[in-house]
Amino acid sequence: MIENVPVIDIAELDSPASLEAIDRACRDWGFFQVTGHGIEPALLRNVFDVSREFFAQPADEKRRIQRDADNPWGYYDRELTKNRQDWKEIYDFGPADGDKLRPRWPGGHLRLRFEPALRAYYASCRALALRLLSAMASNLGVSPDLLVRGFDEAHTSFLRLNYYPQYPFDAAGNRPFGVGEHTDAGALTLLLQDDQPGLEVCRDGSWFPIEPRADALVVNIGDMIQVWSNDRYRAALHRVVTNPSKDRYSVPFFLNPSYETTYEPLSTTVTQACPPRYRPIRWREFRTLRAAGDYADVGEEIQITHYRT
Ligand code: OGA
Ligand code: NI
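In short, a report on the structure. (Residues numbered from 1 in each chain as written. Chains lettered and ligands numbered in written order. Predicted model: local features only at pLDDT ≥ 70, side-chain atom pairs only at ≥ 80, totals over all residues. Heavy atoms only, no water.)

**Observations concerning the site of ligand 1**
The immediate surroundings of ligand 1 are formed by Asn162, Tyr164, His182, Asp184, Leu191, Leu199, His238, Val240, Arg248, Ser250, Pro252 and Phe254. With respect to ligand 1, the side chain of His182 contributes an N or O atom lying 3.1 Å from an oxygen atom. A distance of 2.9 Å is found between an oxygen atom of ligand 1 and a side-chain nitrogen or oxygen belonging to His238. Contact with the protein chains hides 95% of the accessible area of ligand 1, taken as 290 Å² for the molecule alone. (Near = heavy atom within 4 Å. Polar contact = N/O pair within 3.5 Å; in protein donor to acceptor, adjacent residues only side chain to side chain. Areas by Shrake-Rupley, 256 points an atom, 1.4 Å probe, with all protein chains shown as cover.)

Set out below in structure tokens:
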């Protein structure tokens, strides 16, 4: 029997059945899909529409709003995952911080629709991600509002537009990955994918495709929840394989806390038999070290296991 990543209807998110299904999925896969999420289909369509238009622009136009080391928001086409180049282009939108961080918007006719589409979708994702995080807090035995506290005004969550151009088979049969295998560093990720396959999750050493579904969003837990849960939940490795004949678009929302947040295994997950497996981690430090590896080959990329006790 081929097992699939579970699809969970969260129309009644606080019901015991939903909570139990989420707990199982977090333990077994670190991934699940949600239907009944309540985000308007028109918002999803608008995000894909402006994303396609954005990436269809001439390269010069896109590079005018390229990210740099001071301000990571904007366009980029040479991201490295674990020091290997990914076959994709990206655009990141995150909040301004009153200092160096500020969104970079495309110019011309696109701007008028691009900014509102991204802002509206970002707001919906943030609300949904926090509801899911509250549900996971309940499952981990703490008050539902305990974990969401680090995600107030100063949170560093961001929305990414991913564009994976098709990659025709070459004679040697070599194919780059759209994104090489990795875990997401933050709390959790909500991913909107189009109708093209490519996303795969690793379970017990095997890779499983995550079926594109028009009615669902993909949820995966990140390193931060792995730490809070003291390894009850694992942030699963995932990757994107390239498609020989079709382009693929996806839109992850990464739920990240404020830079000042420190996290460690929750007291409810620690017992004498199961001591804390991580020391306290500051998001600013982990994020900065991990992000350095996105720009340049800095040797071995920092991983959460580095913080194991
Ligand atoms: C990511 C990621 C998956 C996808 O951007 O971190 O895992 O399907 N994306 O684009
Ligand atoms: Ni990812």
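Once the structure has been displayed, the description carries forward.
**Observations concerning the pattern of salt bridges**
Taken as a whole, this structure holds 23 salt bridges when the rule is applied. With a shortest N-O distance of 4.0 Å, Asp86 and Lys88 are connected by a salt bridge. (Salt bridge = Lys/Arg side-chain N within 4 Å of Asp/Glu carboxyl O.)

**Thoughts on the sheet that holds strand S8 (residues 177-182)**
With antiparallel pairing, four strands are arranged side by side in an open sheet as S8-S13-S10-S11. Every other strand in the sheet has two partners, leaving S8 and strand S11 (206-209) as the edge strands with one partner each. On average, adjacent strands in this sheet sit at an angle of 30 degrees to one another, irrespective of strand direction. Relative to strand S13 (residues 238-241), strand S10 (residues 199-203) runs antiparallel, the two sharing three bridges. Bridge pairing in S13 links Val201 to His238. (Pairing = 2+ DSSP bridges. Helix = DSSP H or I, 4+ residues; strand = E, 2+ residues; numbered from the N terminus. Axes fitted to C-alpha atoms, helices over the stretch in contact; angles between N-to-C directions.)

**A word on unusual backbone geometry**
The general pattern is negative phi for most residues beyond glycine and trans for most peptide bonds. For Asn230, which is not glycine, the phi torsion reads 55 degrees and is therefore positive. Looking at where Asn230 falls in the secondary structure, it is placed in the loop between helix H5 (223-228) and S13. You can call Asn230 buried: its relative accessible area is 3%. We note that Asp231 has phi near 75 degrees; this positive angle belongs to a residue other than glycine. Looking at Asp231, the relative accessible area reads 9%, which means it is buried. (Buried < 20%, exposed > 50% of the residue type's maximum accessible area, 1.4 Å probe, protein only.)

**Quick word on helix H1 (residues 16-28)**
The terminal C-alpha atoms of H1, which comprises 13 residues, lie 18 Å apart, in line with the 18 Å expected from a rise of 1.5 Å per residue. If you check which residues of H1 are buried, you get Ser18, Leu19, Ile22, Asp23, Ala25 and Cys26. Down the axis of H1, the buried set is contained in an arc of 165 degrees. They therefore lie on one face. Along H1, the residues that are exposed and aim more than 90 degrees away from the buried face are Pro16 and Ala17. Once H1 finishes, Gly30 follows within two positions and takes phi at roughly 75 degrees, a positive value. (Expected span 1.5 Å × (residues − 1). Arc of directions from axis to C-beta.)

**Some thoughts on the packing of aromatic side chains**
Enumeration over the complete set of coordinates arrives at 18 aromatic pairs. Ring geometry for Tyr122 versus Phe253: centroids 5.2 Å apart, planes at 80 degrees, classification edge-to-face. Taken as a pair, Tyr122 in helix H4 (residues 108-139) and Phe253 in strand S14 (residues 248-255) lie far apart in primary sequence, 131 residues in all. Judged by relative accessible area, Tyr122 falls into the buried class, the value being 9%. By relative accessible area, which is 0% here, Phe253 ends up buried. Between Tyr163 and Tyr249, the ring centres sit 5.1 Å apart and the planes meet at 20 degrees, which makes this aromatic pair stacked. Of the two residues, Tyr163 is situated in strand S7 (residues 158-164) and Tyr249 in strand S14; the sequence distance between them amounts to 86 residues. Per residue, the accessibility class of Tyr163 equals that of Tyr249, and both read buried. Every member of this aromatic cluster is reached through a ring pair, and the members are Phe54, Phe55, Tyr75, Tyr91, Phe93, Trp105, Phe114, Tyr122, Tyr163, Tyr249 and Phe253. Above the plane of the ring of Trp29 lies Arg203, whose end atom (NZ or CZ) is 4.6 Å from the centre. (Phe/Tyr/Trp six-rings, centres within 6.5 Å; stacked < 30°, edge-to-face > 60°. Lys NZ or Arg CZ within 6 Å of the ring centre and 35° of its normal.)

**Remarks on the side chain of Gln33**
Relative to the elements of secondary structure, Gln33 occurs in strand S2 (residues 31-35). Residue classification places Gln33 among the buried residues on the basis of a relative accessible area of 2%. At 2.9 Å, the side chain of Gln33 forms a polar contact with the backbone oxygen of Glu211. The contacts of Gln33, once residues within four sequence positions are left out, are Val5, Pro6, Val7, Ile8, Ile210, Glu211, Arg213, Ala216, Leu217 and Val218. (Contact = heavy atoms within 4.5 Å.)

**Re the pairing of S11**
Remark: a regular strand shows side chains that alternate across the two faces of the sheet. Both S10 and S11 contribute to a ladder of four bridges, which runs antiparallel. Looking at the pairing, Cys202 lines up with Trp207 of S11. Counted between consecutive antiparallel strands, the loop separating S10 from S11 contains two residues, among which Asp204 sits at a positive phi close to 50 degrees.

**Considerations on the nonpolar core**
Residues Phe32, Tyr91, Tyr121, Leu132 and Trp228 are the most contacted members of the largest nonpolar core, which totals 70 residues. Considering each element in turn, this core owes the most residues, 15 residues, to H4. In this structure, Tyr91 is in contact with Phe54, Phe55, Ile65, Gly74, Tyr75, Arg104, Trp105, Phe114, Leu118, Leu159, Arg160 and Leu161, ignoring residues within four places of it in sequence. The next biggest cluster of nonpolar side chains, apart from the first, holds 13 residues, and it includes Tyr164, Leu199, Ile210 and Ala236. (Core = buried A, V, L, I, M, F, W, Y, C linked by side-chain atoms within 4.5 Å.)

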